[in-house]
Amino acid sequence: MGSIQAVKVRLATTEDHDVVTSLVLRLLCELYDPAEWGYSRATLAPAVEKLIRDGSGSWAFLAHRQEGTPVGVMTLNECSAIYAFGHFGEISELYVDPEYRSAGVGALLVDAGLRFARERGWSILEVGAPEVPKWQRTVDFYLR
């Protein structure tokens, strides 16, 4: 298992779109049949480029080891609703490399999202969770 002490989280930039694409593709390949859904680097890259540029209302955070190797990603979107008293955030994708799962990397990413939400004045940070029971461990993580 990887060491949490060697992991840092930062906001992804447009220069990181290849890394974000790769990590989100790994997530989607775990959740879905990529052939059935049409997921590939080629099909996801344009969406990543469009969504993580400044002013889009979407952001990505990267967890990486000190030497720069990426080990996780979280995507975050700004939404709005009356029940949230205006703008709020939604975590759309969260992926941690299997070697780093249960090491606190997911918590580091969520903590970065919470800080970002506070900075933006969002009242809520929601998360979409995969189906249960297959992904019960993931749902339990979000509940914690």
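Fair warning: this is a prediction, and the values are worked out from it, not measured in the lab.

Caption draft 1: Summary view of the packing of aromatic side chains. In this structure the tally under the stated criterion is eight aromatic pairs. Judged by centre distance (5.5 Å) and plane angle (80°), the rings of Phe61 and Phe116 are edge-to-face. Of the two residues, Phe61 sits in strand β2 (residues 58-65) while Phe116 sits in helix α4 (residues 105-120), which places them 55 residues apart along the sequence. For the pair formed by Phe61 and Phe116, the shared burial category is buried. An aromatic cluster is defined as three or more aromatic residues linked by ring pairs; in this entry it consists of Trp59, Phe61, Phe116 and Trp122.

Caption draft 2: Local environment of the sheet that holds strand β5 (residues 125-127). Here we have five strands laid out as an open sheet, ordered β1-β2-β3-β4-β5, and mixed in their pairing. Taken across any chain shown, the strands that pair with only one partner, and hence form the sheet edges, are β1 (7-11) and β5. Neighbour to neighbour, the strand axes of the sheet diverge by 25° on average, direction disregarded. Across three bridges, strand β4 (residues 86-96) lies against β5 in parallel orientation. Bridged to Ile91 within β5 is Val127. Against the sheet, α4 engages β1, β2, β3 (70-81), β4 and β5, with an angle of about 35° to β3.

Caption draft 3: Highlighting helix α1 (residues 17-31). In a regular helix each residue adds 1.5 Å, so 15 residues correspond to 21 Å; α1 covers 21 Å between its end C-alpha atoms and thus fits that length. Among all positions of α1, only His17, Val20, Thr21, Leu23, Val24, Leu25, Leu27 and Leu28 are buried. Buried positions along α1 lie against α3 (41-51), β2, β3 and β4.

Caption draft 4: Quick peek at the pattern of salt bridges. Per the counting criterion, the structure on display carries five salt bridges. For Asp16, the salt bridge identified is with Arg10, shortest N-O distance 2.8 Å. Between Glu67 and Arg65 there is a salt bridge; the shortest N-O distance is 2.7 Å.

Caption draft 5: Here's a closer look at the side chain of His64. Of note, His64 is situated in strand β2. The exposure class of His64 is buried, given its relative accessible area of 17%. His64 has contacts with Ala6, Val7, Lys8, Arg10, Thr69, Pro70 and Val71, leaving out every residue within four places of it along the chain.

Caption draft 6: Summary view of the nonpolar core. Phe61, Val105 and Leu109 are the most contacted members of the largest nonpolar core, which totals 18 residues. Mapped by element, the contributors of at least two residues to this core are β2, β3, β4 and α4. Here this core gets six residues from one element, more than from any other, and that element is α4. By size, the runner-up hydrophobic cluster in this structure holds 14 residues, among which are Val20, Leu44, Ala60 and Leu62.

Caption draft 7: Region of interest: unusual backbone geometry. Its identity as a non-glycine residue notwithstanding, Phe85 has a phi of 60°, on the positive side. As for its position among the elements, Phe85 is in the loop between β3 and β4.

Thresholds applied
- Residues numbered from 1 in each chain as written.
- Predicted model: local features only at pLDDT ≥ 70, side-chain atom pairs only at ≥ 80, totals over all residues.
- Heavy atoms only, no water.
- Phe/Tyr/Trp six-rings, centres within 6.5 Å; stacked < 30°, edge-to-face > 60°.
- Helix = DSSP H or I, 4+ residues; strand = E, 2+ residues; numbered from the N terminus.
- Buried < 20%, exposed > 50% of the residue type's maximum accessible area, 1.4 Å probe, protein only.
- Pairing = 2+ DSSP bridges.
- Axes fitted to C-alpha atoms, helices over the stretch in contact; angles between N-to-C directions.
- Contact = heavy atoms within 4.5 Å.
- Expected span 1.5 Å × (residues − 1).
- Salt bridge = Lys/Arg side-chain N within 4 Å of Asp/Glu carboxyl O.
- Core = buried A, V, L, I, M, F, W, Y, C linked by side-chain atoms within 4.5 Å.

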